[in-house]
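# Structural overview
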Amino acid sequence: FERLLGQSLERFFFDWTERSGHPVVTVATTHQPADGLVRVEVTQDQKGEPFEFPLQVELPVPGRSEPVRVELLVNEKKQVVFVPVPSRPAQVRVDPRFSLLAELKEKKSRSWWQVQLAKAPSVPERLRAVEHFGRGRSSADVGLLVKSLEQDPFYGVREAAAATLGRRRGDAARKALLAGLDKQVQPSPFVRRACAKALGSFSRDAKVAGALRKRWDEGDPSYRVEAAVLASLTRVQPQTLAMLK
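Anyway, here's the lowdown on the structure attached to this text. (Residues numbered from 1 in each chain as written. Predicted model: local features only at pLDDT ≥ 70, side-chain atom pairs only at ≥ 80, totals over all residues. Heavy atoms only, no water.)

## Observations concerning the pattern of salt bridges
According to the stated counting rule, one finds 20 salt bridges in the structure shown. Asp-15 is the salt-bridge partner of Arg-11, the closest N and O atoms lying 3.0 Å from each other. With Arg-11 and Asp-15 both in helix H2 (residues 10-18) and four residues apart, the pair spans about one turn of that helix. Arg-11 gets classed as partly exposed once you look at its relative accessible area, which sits at 31%. Residue Asp-15 is classed as buried on the basis of its relative accessible area of 1%. Note that Asp-217 and Arg-213 form a salt bridge whose closest N and O atoms lie 3.3 Å from each other. Highlighted residues: Asp-217 and Arg-213, both in helix H9 (residues 206-218), separated by four residues, approximately one helical turn. The class for Asp-217 is exposed, based on a relative accessible area of 53%. Residue Arg-213 is classed as partly exposed on the basis of its relative accessible area of 24%. Each of Glu-58, Glu-66, Arg-69, Arg-93, Arg-97 and Glu-125 takes part in a single network of salt bridges with overlapping partners. (Salt bridge = Lys/Arg side-chain N within 4 Å of Asp/Glu carboxyl O. Helix = DSSP H or I, 4+ residues; strand = E, 2+ residues; numbered from the N terminus. Buried < 20%, exposed > 50% of the residue type's maximum accessible area, 1.4 Å probe, protein only.)

## With respect to the sheet that holds strand S2 (residues 37-44)
Spatially, S5-S2-S1-S7 is the arrangement adopted by the four strands of the open sheet, whose pairing is mixed. The strands lining the two open edges of the sheet, one partner per strand, are strand S5 (78-84) and strand S7 (103-107). Recorded for the sheet is a direction-independent mean angle of 20° between the axes of neighbouring strands. Two strands pair when backbone bridges link them, and S2 and S5 are joined in this way by seven bridges, in the antiparallel orientation. Each bridged residue has a counterpart across the sheet, and for Leu-37 the counterpart in S5 is Pro-84. (Pairing = 2+ DSSP bridges. Axes fitted to C-alpha atoms, helices over the stretch in contact; angles between N-to-C directions.)

## Notes on the sheet that holds strand S6 (residues 93-94)
If you trace the three strands from one edge of the open sheet to the other, you get S4-S3-S6, paired in antiparallel fashion. In this open sheet, the two strands that pair with only one neighbour each are strand S4 (68-74) and S6. By the bridge criterion, seven bridges tie strand S3 (residues 53-59) to S4 in an arrangement that is antiparallel. Within the sheet, the bridge partner assigned to Val-57 lies in S4 and is Val-70.

Geometric descriptors of this kind do not, in isolation, establish any biological role.
Following this line, the structure appears as structure tokens:
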């Protein structure tokens, strides 16, 4: 490999084959409009010495057909770079091709997270945004997760949104999850199963118990959805098994 590339690979093989652990990376991005810059701070949070790896960041800018791209050679525990941009980027995409073997965390503005949840071109990016808003505490965060459950084009993201809403609970989450039991609303059985499973966290909720019992009585084309409905019903209304007998 070294003869072919004309460069030393000693550090590469040391990091990825000879030492233990893996990078735990936090990328914090902020826009500095007065300077026309985006500040990108990369920290390696794992114990021990830093790893060395390339990290790509894409900054789609309104009015430009191609995003502003920057590739950083990360080899220190903390590095900061300033990226010139003609205007505020519409989005921040860190490791957009998912080529980095690392635990990746991001810190950026809420508006950038919102765009990522709704419009990021890749599924892992939208899943990362679901996880981010799942840690939030506001009703607006729940509203964004509900929208993701209702509108995301990929069933896996909708599954993740359903599971997150189940952990959040509340009226808005309950309403969205109950709607998700309907195959006309959620054609994917994977998503209906996720909604049914998430409703199991609404302990002793009469409205949820009634909806789950109705869904059980009506049935579902998927046995796995029916199994999730029954499992959640027994958690929400523990006396269900005796009633069914």
